[in-house]
Amino acid sequence: MAGMAAAGVERVDWVDTAKGLCIIFVVMVHAVLGVELAAGQQGWMHHVVTWARPFRMPDFFMISGLFLSITIDRPWRRYLDRKVVHFAYFYVLWLTIQFAFKAPGMAMEEGAGAALSNFLVSFVQPFGTLWFIYVLPIFFVVARLLKGVPVAIVLLAAAALEILPITTGWLVLDEFCSRFVYFYAGYALAPWIFALADKVRTKPGLALGSLAIWAIMEALLTFTPVPAGLYPLVAHEIGQTGAIGGVAELPVVSLILGFLGACAVVAVGTLLSRLPVMRWLTWLGAHSIVVYLGFFLPMATTRAVLLKLGIMGDVGTMGVLVTAAGVIGPVILYLLVQWSGFGRWLFERPKWASIEHNRTKAERPIAVAE
């Protein structure tokens, strides 16, 4: 809890380091699967992506809810400005940027009307890689509305939603049911999560041993095929991926692995944050929104160039290079923006996009000279 109090005025290193790990895994899955789809074959990185699947998004959502207790009691206007309008600005901005690159191809294949239709539908059905910042504000609002409900009831209900095989086809509802339990747990169980980080810091040897056991268990459950008799229990996963996954996707098992994996990321983030050589990862986590918003273009460009040149025969290695481009590209763009001062609106919300700023401006007395 001391760490949470400190977070009001300064960042917590292990949290940023854990977020750095999260954003790398997020870029990795899009990069690797995109390369494999374009190449028509799987590479060795497919196993890494599969192994990380049970915890890749649970850890990101849990960390996103970690500091909610600091802001959840703020006035509604300020809360909505910081938790909804903030992300809405970046969603609309980067949705428009992505469509500027993708709309010509859509228009050639399906017609201009289809491109416009896809753009409008994206305000209801989140588009591509941007779905996280579309769903996250919904989590913030729901958590605020449920503030008066006992934590145990909300956690049990959210866990039930994750366990149930809910697949409606509407990404917002499906991801809410699958992920809200982790976000809410980050908020409700924050003291225990910070206590875990403190324990890892004081007993690194025990933490490393526990992480080794977890990694092996994660691999066994992820790569053990689901018995044929249990296929109906993972039917929703088959519909989403087109393939039958491992035992890790079974109800209850996926929930347990999601939480264990999120705790493992906390432990790894805590251990790595103590190493000066890993400060780049801490910086990356502190600027994870930069990478998340901008990785699609360098990722897609690098993939297209490598496939076109044909100089890289190993699909797995190609996935690593495309992942690196997806992480480094946005960072370079951000540093150029900071250096030049031009284009800050790409990563920083301008004042006009703040309802708090506009209210203050509207309420300000009009001077005679004006």
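Residues numbered from 1 in each chain as written. Predicted model: local features only at pLDDT ≥ 70, side-chain atom pairs only at ≥ 80, totals over all residues. Heavy atoms only, no water.

Notes on helix 8 (residues 151-163)
Spacing of three or four residues puts side chains on the same side of an α-helix, whose turn is 3.6 residues. Counted at 1.5 Å a residue, the expected span for helix 8 with its 13 residues is 18 Å, and the 18 Å between its end C-alpha atoms agrees. Inspection of helix 8 places Val-154, Leu-155, Ala-158, Ala-159 and Glu-162 among the buried residues, and these make up the whole buried set. Along the axis of helix 8, the buried residues cluster in a sector spanning 130 degrees; they form a single face. Exposed and facing more than 90 degrees away from the buried side of helix 8 are Ile-153 and Leu-156. Check the buried side of helix 8 and you find it contacts helix 9 (171-188) and helix 13 (253-272). (Helix = DSSP H or I, 4+ residues; strand = E, 2+ residues; numbered from the N terminus. Expected span 1.5 Å × (residues − 1). Buried < 20%, exposed > 50% of the residue type's maximum accessible area, 1.4 Å probe, protein only. Arc of directions from axis to C-beta. Contact = heavy atoms within 4.5 Å.)

Some thoughts on the environment of Ala-115
In this fold, Ala-115 is placed in helix 6 (residues 112-121). Taking C-alpha positions, Ala-115 is 8.6 Å from Gly-105, a pair spaced 10 residues apart along the chain. Apart from the residues within four sequence positions on either side, Ala-115 is in contact with Phe-99, Ala-103, Met-106 and Ala-107.

Concerning the packing of aromatic side chains
Within the structure shown, the criterion is met by 34 aromatic pairs. Ring geometry for Phe-180 against Tyr-184: centres 5.8 Å apart, planes inclined by 40 degrees, an arrangement best described as tilted. Placement of both Phe-180 and Tyr-184 in helix 9 is noted, with a separation of 4 residues, approximately one turn of the helix. Taken individually, Phe-180 and Tyr-184 each receive the classification buried, so the pair is uniform in this respect. The ring of Trp-76 carries the charged tip of Arg-144 above its face, separated from the ring centre by 4.3 Å. Just above the ring of Tyr-79 sits the side chain of Arg-144; from NZ or CZ to the centre is 5.0 Å. (Phe/Tyr/Trp six-rings, centres within 6.5 Å; stacked < 30°, edge-to-face > 60°. Lys NZ or Arg CZ within 6 Å of the ring centre and 35° of its normal.)

Brief notes about the packing of helix 5 (residues 76-110) against helix 7 (residues 131-145)
Where helix 5 contacts helix 7, the two axes come as close as 8 Å, and the packing angle between them is 165 degrees. Here helix 5 lies roughly antiparallel to helix 7, going by the angle between them. Crossing of helix 5 against helix 7: the hand is left-handed. Facing helix 5, whose interface residues are Trp-76, Tyr-79, Leu-80, Lys-83, Val-84, Phe-87, Phe-90 and Tyr-91, helix 7 presents Ile-133, Tyr-134, Leu-136, Pro-137, Phe-140, Val-141, Arg-144 and Leu-145. (Axes fitted to C-alpha atoms, helices over the stretch in contact; angles between N-to-C directions. Parallel < 35°, antiparallel > 145°, perpendicular 65-115°, else oblique. Left-handed = near helix turned anticlockwise from the far one by under 90°.)

A closer look at the confidence of the model for the protein chain
Close inspection of predicted coordinates is inappropriate for parts of the model with low pLDDT. In this model, the protein chain carries an average pLDDT of 88, and 89% of its residues clear a pLDDT of 70 or more. Here residues 238-243 scores under 50 on pLDDT; set against residues more than four positions off or in separate chains, the count is 7 contacts. (pLDDT = per-residue confidence, 0-100.)

Remarks on the packing of helix 5 against helix 6
As a packed pair, helix 5 and helix 6 sit with axes 7 Å apart at the nearest point and diverge in direction by 145 degrees. Where helix 5 crosses over helix 6, the two elements pack in a sense that is right-handed. On helix 6, the residues touching Leu-95, Thr-96, Phe-99, Ala-103, Met-106, Ala-107 and Glu-110 of helix 5 are Ala-112, Ala-114, Ala-115, Asn-118 and Phe-119.

Some words on the pattern of salt bridges
Pairing is possible between side chains that carry opposite charge, provided their charged atoms lie close to one another. Per the stated rule, a full pass over the model turns up 7 salt bridges. Two residues, Lys-147 and Asp-73, come together in a salt bridge whose shortest N-O distance is 3.0 Å. On the criterion of sequence distance, the pair formed by Lys-147 in the loop between helix 7 and helix 8 and Asp-73 in the loop between helix 4 (68-71) and helix 5 is long-range, its members being 74 residues apart. Note that Asp-81 and Arg-82 form a salt bridge whose closest N and O atoms lie 3.8 Å from each other. Note on Asp-81: relative accessible area 1%, which makes it buried. When salt bridges that share partners are traced, they join Asp-81, Arg-82 and Arg-349 into one network. (Salt bridge = Lys/Arg side-chain N within 4 Å of Asp/Glu carboxyl O.)

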